[in-house]
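Structural characterization, general
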Amino acid sequence: MRNELLTPEVIPHSPLGLTPPTSPATSRHADGTLVDRYGRHVTYLRLSITDRCDFRCRYCMAEEMTFLPRAQVLTLEECLRIASVFVDLGVTKVRVTGGEPLVRQNALWLLEQLARLPGLLELVMTTNGSQLDRFAPALRAAGVQRINISLDTLRADRFREITRVGDLGKVLRGLDAAQAAGFRRLKINTVMMRGSNDDELIDLVEFVVERGIDIAFIEEMPLGDIGHARQVFGSEEALAHLQTRFVLLPSTETTGGPARYWRIPGTSTRVGFISPHSHNFCASCNRVRITARGELYPCLGNNHAVALLPLLRAHRTDDAPLRAAIVHSMGIKAQAHDFSHQMDAPQVVRFMSMTGG
């Protein structure tokens with residue numbers, strides 16, 4: 001299956017009517033920062049630097065994938081230009097994603113450059129962990145502050161089934177390497193899949209408690225046609241199940257993303273839930289996403305996008321058109337997404353591996 005998108009519904013050349021009407025008199029945010037038409041302040045950029053991955057997770061992509069030609073993918077220099085403009089517009093957190101970002105050649109160079117951007121407070125990464133045993137010390141030296149590792153099961157046979165090609169042992173060695181490198185607040189991301197890993201939630205929490213790290217349980221999202229139906233395992237059901245084994249106390253802590261956290265007394269572990277179905281977090285959404293081919297998606301659950309790659313290549317030394325397009329994109333950021341009726345027939349046709357989650 002080809003990893004292609006429908007042509008994004010791009011805003012016009014001069015979308016003045018879409019630009020959110022903000023001013024010092026009407027907005028609490030500084031002039032020149034990114035505020036959408038619903039008053040939400042965008043401070044968080046998720047930047048996908050490749051659509052390629054060394055796994056083929058069943059909820060993320062189809063088994064047979066044809067990835068983008070290199071010419072259609074952002075260069076690392078273009079990734080840096082985009083991030084630089086976002087940071088200049090008030091973004092303080094950048095998460096580098098994929099695909100699997102560490103299969104991108106020279107990814108460390110980009111991370112080093114991003115870490116030096118004046119005004120950037122957090123440089124973080126999401127990875128499947130397969131390359132961490134090689135790169136963990138270098139990532140920390142480059143300036144990456146936190147790492148999220150996707151891990152949906154602790155059973156080797158089930159891991160191979162979910163990822164189709166992955167080696168659980170390699171990911172666990174990568175986790176060991178990240179801890180040895182001195183990363184703090186490592187977090188496991190677990191997509192909950194009914195009938196696949198919903199019987200392991202307690203085991204996964206015990207695993208992270210033993211290691212002194214965090215975990216976030218994520219409701220599966222209907223992104224792309226992956227060749228089979230999805231059945232949501234919801235956060236409320238997961239929480240009730242975990243409470244049969246653990247005392248979980250609600251916490252007001254946040255890492256700047258959509259997870260809502262609970263604490264286990266006597267441990268350093270936080271248990272988070274990301275609930276795009278059952279507890280829509282759109283009202284507080286502070287993030288936008290850049291795909292590997294330079295499309296700016298203000299909403300993960302929506303097909304509206306702005307194509308930045310043509311602007312980057314038409315104006316190689318002038319960031320003004322890029323900056324204008326980013327500011328105007330706030331006008332197409334949806335008020336909310338609705339995944340509840342899309343599980344069998346996704347309306348968002350791009351794969352998770354393209355958008356980077």
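Residues numbered from 1 in each chain as written. Predicted model: local features only at pLDDT ≥ 70, side-chain atom pairs only at ≥ 80, totals over all residues. Heavy atoms only, no water.

**Overview of the overall build of the protein chain**
Along the protein chain, the regular secondary structure elements total ten helices and twelve strands. Evaluated residue by residue, the protein chain yields a buried proportion of 57% over its 357 residues. Put simply, 75% of the contacts in the protein chain that link residues at least 6 apart link residues at least 24 apart. Carbon together with sulfur atoms contributes 51% to the accessible area of the protein chain, which is approximately 14900 Å² in total. (Helix = DSSP H or I, 4+ residues; strand = E, 2+ residues; numbered from the N terminus. Buried < 20%, exposed > 50% of the residue type's maximum accessible area, 1.4 Å probe, protein only. Contact = heavy atoms within 4.5 Å. Areas by Shrake-Rupley, 256 points an atom, 1.4 Å probe, with all protein chains shown as cover.)

**Re the UniProt feature "binding site: S-adenosyl-L-methionine" (unreviewed entry) in the protein chain**
If you check UniProt for "binding site: S-adenosyl-L-methionine" (unreviewed entry), the listed places come out as Y59, G99, S150 and M221 in our numbering. By relative accessible area, which is 11% here, Y59 ends up buried. With respect to the element layout, M221 can be found in the loop between β6 (214-219) and α7 (235-242). (UniProt positions renumbered as here; feature names shortened; annotations may be inferred.)

**Regarding the pattern of salt bridges**
Considering all chains together, one arrives at 17 salt bridges under this definition. Here R146 ties to E122 by a salt bridge, and the two come within 2.7 Å at their closest N and O atoms. Of this pair, R146 sits in strand β4 (residues 146-150) while E122 sits in strand β3 (residues 122-127), and the two are 24 residues apart along the sequence. By relative accessible area, which is 13% here, R146 ends up buried. Note that E206 is salt-bridged to R245, the shortest N-O span being 3.0 Å. With E206 in helix α6 (residues 201-211) and R245 in the loop between α7 and β7 (249-250), the pair connects residues that are 39 residues apart, well separated along the chain. With relative accessibility at 31%, the residue E206 sits in the partly exposed group. What emerges from the salt-bridge pattern is a single network uniting R185, D214, E253, R263 and R270. (Salt bridge = Lys/Arg side-chain N within 4 Å of Asp/Glu carboxyl O.)

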